[in-house]
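Residues per chain are reported as follows:
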Amino acid sequence: MKQFLYIILSVFYSTTCLFAQDDKDTMVGKISFVTSNNAYVKFDSTEKIVIGDMLQINGTNCLQVTEKSSTSVVCSIINNCEVKTDDSVVYKITVAKEPPIISENNVTDTIPTKVIQKKGTYPKKQSIYSENIRGRISVASYNNFSNLREDRHRMQGKFSLNADQINDGKFSIETFLAYRNNISVPENYLGRTSIFNVYNLNAKYDATPTLSLTLGREINSKASTFGANDGLQIEKYFGNFYVGAVGGFRPDFFDYGFNSDLLQYGGYFGIESKTSNYYGTTTLGAMEQTNAGATDRRYVFFQHSSTIASNLNLFGSAEMDIFSKTGSATRLTNLYVSARYRFSKAANLMISYDSRKQIIYYETFQSEIERILDDDLARQGIRARLNVRPVKIIWMGASYSTRFQTGEQNKSDNIYGYITLTKIPAVGGRLNATYNMNTSRYLKSNIFSVRHSRDLVKNKLNADFYYRMADYDYENQSTKYKQNYYGMALLYRISRSWQFNISGEMSQFENENSYRFYTQLTKRFYSKKKK
C-alpha cells in the first residue's frame, strides 16, 4: 500500500512539474554554470525573454538577464541570492497589453490626428566582464665604485602590464619586458652588454565564460612546469573540471629569445573546487619537447594547490621524464611539497621538501649526457620556518634549511633568525635585526644585520639605515675574512602613482673600499571601470 501511494504521489508531482513548464505565463530553465558574479541559464527557447528581465528562484528575483542566445541567457546575480548549478529558474512572461481600439465615429477635433508616442527606455546592456588594468614602468641605474677594481655601471628598464577584460570586453593583454645595458665592463668581458628579455607577452580572448584562448608568450599558472610557451594555449571548463592544450615553442636556452627549432606541445586536465572552507586546484598533464624535429624531452607532471579553512595552505608538484635514449626511460626529475599552517594571527609554521635532478635534453645536450648521468643524484632540501608575535609590536621568527645529496655529498645547513620591533616606543619607526649562519663543506659564514626604518615626512618620505657584518671562514684557507657594510635608502612618494628611490652603500673588505649607488624612478598606473 505504501509503495502504491508513493507511485501515485510521484506521478502527481511529475505531472504537476510538466504542466508548470507548459504554463503559457511562465518558462522554466536550469542553471548550467555559475561564476562569482554571473549565472548561465538554459531554456528550450529564449525568444520571449528580454534583456533586463528578472528570473526567479523560489519566488524571489535573483537573476537579471544581461545577454542571451537562442537557448541560453547570461544573468547577473542580484539580491544576494545563493545560486547553484542545476537550480531551477522561473521566468514570468510579460504579456504586452494591446492598445484600445478607437472607432472613427468617435474621433473628435480634440484628438490630434498624429499621436506622438514617448520613446521607450530600455535597460542598458551590461557586460559580464569588468575591465581592470594594472601596470608599472621603471628605470634604474646601478653604479659601483672601488679603490682597487674597475668601476661598473648598468642601466635597466622594466615594463609590466595586466589589462584584463579591456573595455569590459573579452580581450585581455599581459606583458613583462626588461632591458639591461652594461655601460662599463672589463676589457676581457665576452658576455652581452645589451640585453632585452620578453618574459611575458600575450593576448587572451574569452570566447565564452568557460573557453579561453591565449596567443603569445605565457607561463600557465595551472601548468607552470611547462615554463614559457611561445604559441597558443586553449583552456575549457566543464563545471569544476577543466582541460587545456599547449602548442608552440620554448624560448632559446642562451638568450631567451624566439627559437623555431624548439617546438613543444602538450595538454593537461584538472579540477578546481571552491566551497566556503576549501579552495583547490589539481592538474595532471604531459609535454613533448623537441629540437629540430627530434624528441628532446618528454615528461608528465602533477600540480596541486589548496587552501583549507583559510589556515592551511598546501602545494605540491612533481615531474617524471618518460623518454630516454640510454638506460631507464623514467626519471623522477622534480618533487616539491610544502605546507603552511596558521595557528592564529600571531603564529604560523611552514615546512617544505624538495628533490631535484638535472633535466636532460637529449638533443640539446648530446655531448654532455654521459657526464650528467654519471652525476645523476637528486639534490634534496628540507626547510622549516616559524613566525610568532608574542606581543602586539614584536614579530620574531626562525628557520632551518638543509640541502644534501645521496651519501651526504654537497651538504649545507642554514640557520636564520630575526626579530622586528614594529614601533619603537618614544622614538618611532621600525627596528629589525637578523642573523644567518651557513655551513657547507668548504665555507662557514656568519652574517648579522640591523636596520632602522622610519618616515621623515609622513606618507611622503621614508628612510632606511642599516649595518651588516659578514664573517667568512674557508676550509682551504687559514685566514678568516670579515666584511662590513653601511647603507642608507630614501623612498620619496612624488604622488599616488610616482615614486623615486635612491640608496647608497659602503663596504669595507681588507684594503678595499667599495661604494654602490642605486636609483630608480617608478610609475604605476591602474584603471578599474565602475559599473
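Enquirer: Could you give an account of the overall build of the chain, with specific residues and numbers?
Expert: A tally of regular secondary structure across the chain gives two helices and 28 strands. Residues counted as buried form 32% of the 531 residues belonging to the chain. When contacts within the chain are restricted to residue pairs at least 6 apart in sequence, those whose partners lie at least 24 apart make up 45%. As displayed, the chain offers around 33,600 Å² of accessible surface, 57% of which is attributable to carbon and sulfur atoms.

Enquirer: Requested: an account of the packing of aromatic side chains, with residues and values cited.
Expert: Inspection of every chain in the model, using the stated rule, returns 20 aromatic pairs. Where Phe253 meets Tyr361, the ring centres are 5.2 Å apart and the plane angle is 70°; that geometry is what we call edge-to-face. Of this pair, Phe253 sits in the loop between β13 (241-249) and β14 (263-274) while Tyr361 sits in the loop between β19 (347-356) and α2 (369-374), and the two are 108 residues apart along the sequence. By relative accessible area, which is 12% here, Tyr361 ends up buried. Put simply, the rings of Phe176, Tyr199 and Tyr256 touch in pairs and so form one group of aromatic residues. Positioned above the aromatic ring of Tyr142, the side-chain terminus of Arg154 is 4.3 Å from the ring centre.

Enquirer: Could you give me a rundown of the pairing of strand β22 (residues 412-421), with the residues and numbers involved?
Expert: Bridge count for strand β21 (residues 394-404) against β22 is ten bridges, and the pairing is antiparallel. Across the sheet, the residue bridging to Ile394 is Leu421, located in β22. Direction of pairing for β22 relative to strand β23 (residues 430-440): antiparallel, over a ladder of ten bridges. Within the sheet, the bridge partner assigned to Asp413 lies in β23 and is Thr439.

Enquirer: Could you give me a rundown of the environment of Ile424, with the residues and numbers involved?
Expert: Among the structural elements, Ile424 can be located in the loop between β22 and β23. The class of Ile424 is buried, set by a relative accessible area of 15%. Those residues in contact with Ile424 that lie beyond four places of it in its chain are Gly429, Arg430, Leu431 and His452.

Enquirer: Lay out the pairing of β23 in plain terms, naming residues and giving numbers.
Expert: Across ten bridges, β23 lies against strand β24 (residues 443-457) in antiparallel orientation. Across the sheet, residue Thr439 finds its bridge partner in β24, namely Lys444. Linking two consecutive strands that pair antiparallel, namely β23 and β24, is a turn of two residues.

Enquirer: Can you explain a positive patch on the surface? Please cite residues and give values.
Expert: A cluster of basic side chains, namely Arg340, Arg342, Lys345, Arg389, Lys392 and Lys423, defines a positive patch on the protein surface. You can see Arg340 is positioned in strand β18 (residues 331-344).

Enquirer: How would you sum up the pattern of salt bridges? Please name residues and give values.
Expert: Applying the stated criterion across every chain, the model contains 16 salt bridges. Across the pair Asp321 and Arg297 runs a salt bridge, and its minimum N-O distance is 2.9 Å. One end of the pair, Asp321, is in strand β17 (residues 312-321); the other, Arg297, is in strand β16 (residues 294-308), and 24 residues separate them in sequence. Across this residue pair, the class does not change: Asp321 and Arg297 are buried. The shortest N-O distance in the salt bridge between Asp354 and Arg356 comes to 3.7 Å. Via salt bridges that share partners, Arg297, Glu319 and Asp321 belong to a single interconnected network.

Enquirer: Account for the side chain of Gln233, with residues named and values stated.
Expert: Looking at where Gln233 falls in the secondary structure, it is placed in strand β12 (residues 228-238). Side-chain polar atoms of Gln233 contact the side chain of Glu218, separated by 3.4 Å. Engagement of the side chain of Gln233 in a polar contact is seen with the side chain of Asn220, the distance being 3.0 Å. The contact partners of Gln233, leaving out residues within four places of it in the chain, are Ser212, Leu213, Thr214, Glu218, Asn220, Ala245 and Val246.

Enquirer: Any details on the nonpolar core? Residues and values, ideally.
Expert: Ile31, Val41, Phe43, Leu55, Leu63 and Val73 are the most contacted members of the largest nonpolar core, which totals 18 residues. Only β1 (26-34), β2 (38-42), β3 (54-57), β4 (60-68), β5 (72-77) and β6 (88-92) provide two or more residues apiece to this core. If one sorts the elements of this core by residue count, β4 sits on top with three residues. Formed by nine residues, the second largest nonpolar core is a distinct cluster that contains Tyr242, Val246, Tyr268 and Phe301.

Enquirer: Please give an account of the state of the cysteines that cites residues and values.
Expert: Scanning the entire structure with this criterion turns up one disulfide. At a sulfur-sulfur separation of 2.2 Å, the disulfide partner of Cys62 is Cys81. Judged by the sign of its S-S torsion, about -70°, the cystine formed by Cys62 and Cys81 is left-handed. One end of the pair, Cys62, is in strand β4; the other, Cys81, is in the loop between β5 and β6, with 19 residues separating them in the sequence.

Enquirer: Before we move on, could you go through the confidence of the model for the chain and cite the residues and values that matter?
Expert: Averaged over the chain, the pLDDT score is 85; the fraction of residues at 70 or greater is 88%. Contacts of residues 1-23 to residues separated by more than four positions or lying in other chains number four contacts, the stretch itself having pLDDT below 50. Predicted confidence for residues 95-122 stays below pLDDT 50, and this span has one contact to residues more than four positions away or in other chains.

Enquirer: Lay out unusual backbone geometry in plain terms, naming residues and giving numbers.
Expert: The residue Ala309 is not glycine, and still its phi comes out positive at about 55°. Examined against the element boundaries, Ala309 turns out to sit in the loop between β16 and β17. Located in the positive-phi region is Ala426, a residue other than glycine, with phi close to 70°. Position of Ala426 relative to the elements: it lies in the loop between β22 and β23. When its relative accessible area of 91% is taken as the criterion, Ala426 is described as exposed.

Criteria and thresholds
- Residues numbered from 1 in each chain as written.
- Predicted model: local features only at pLDDT ≥ 70, side-chain atom pairs only at ≥ 80, totals over all residues.
- Heavy atoms only, no water.
- Helix = DSSP H or I, 4+ residues; strand = E, 2+ residues; numbered from the N terminus.
- Buried < 20%, exposed > 50% of the residue type's maximum accessible area, 1.4 Å probe, protein only.
- Contact = heavy atoms within 4.5 Å.
- Areas by Shrake-Rupley, 256 points an atom, 1.4 Å probe, with all protein chains shown as cover.
- Phe/Tyr/Trp six-rings, centres within 6.5 Å; stacked < 30°, edge-to-face > 60°.
- Lys NZ or Arg CZ within 6 Å of the ring centre and 35° of its normal.
- Pairing = 2+ DSSP bridges.
- Patch = residues over 30% accessible without salt bridge, like charges linked within 9 Å, V, L, I, M, F, W, Y side chains within 5 Å.
- Salt bridge = Lys/Arg side-chain N within 4 Å of Asp/Glu carboxyl O.
- Lys, Arg positive; Asp, Glu negative; His and termini not counted.
- Charge placed at Lys NZ, Arg CZ, Asp CG, Glu CD.
- Polar contact = N/O pair within 3.5 Å; in protein donor to acceptor, adjacent residues only side chain to side chain.
- Core = buried A, V, L, I, M, F, W, Y, C linked by side-chain atoms within 4.5 Å.
- Disulfide = S-S within 2.5 Å.
- pLDDT = per-residue confidence, 0-100.

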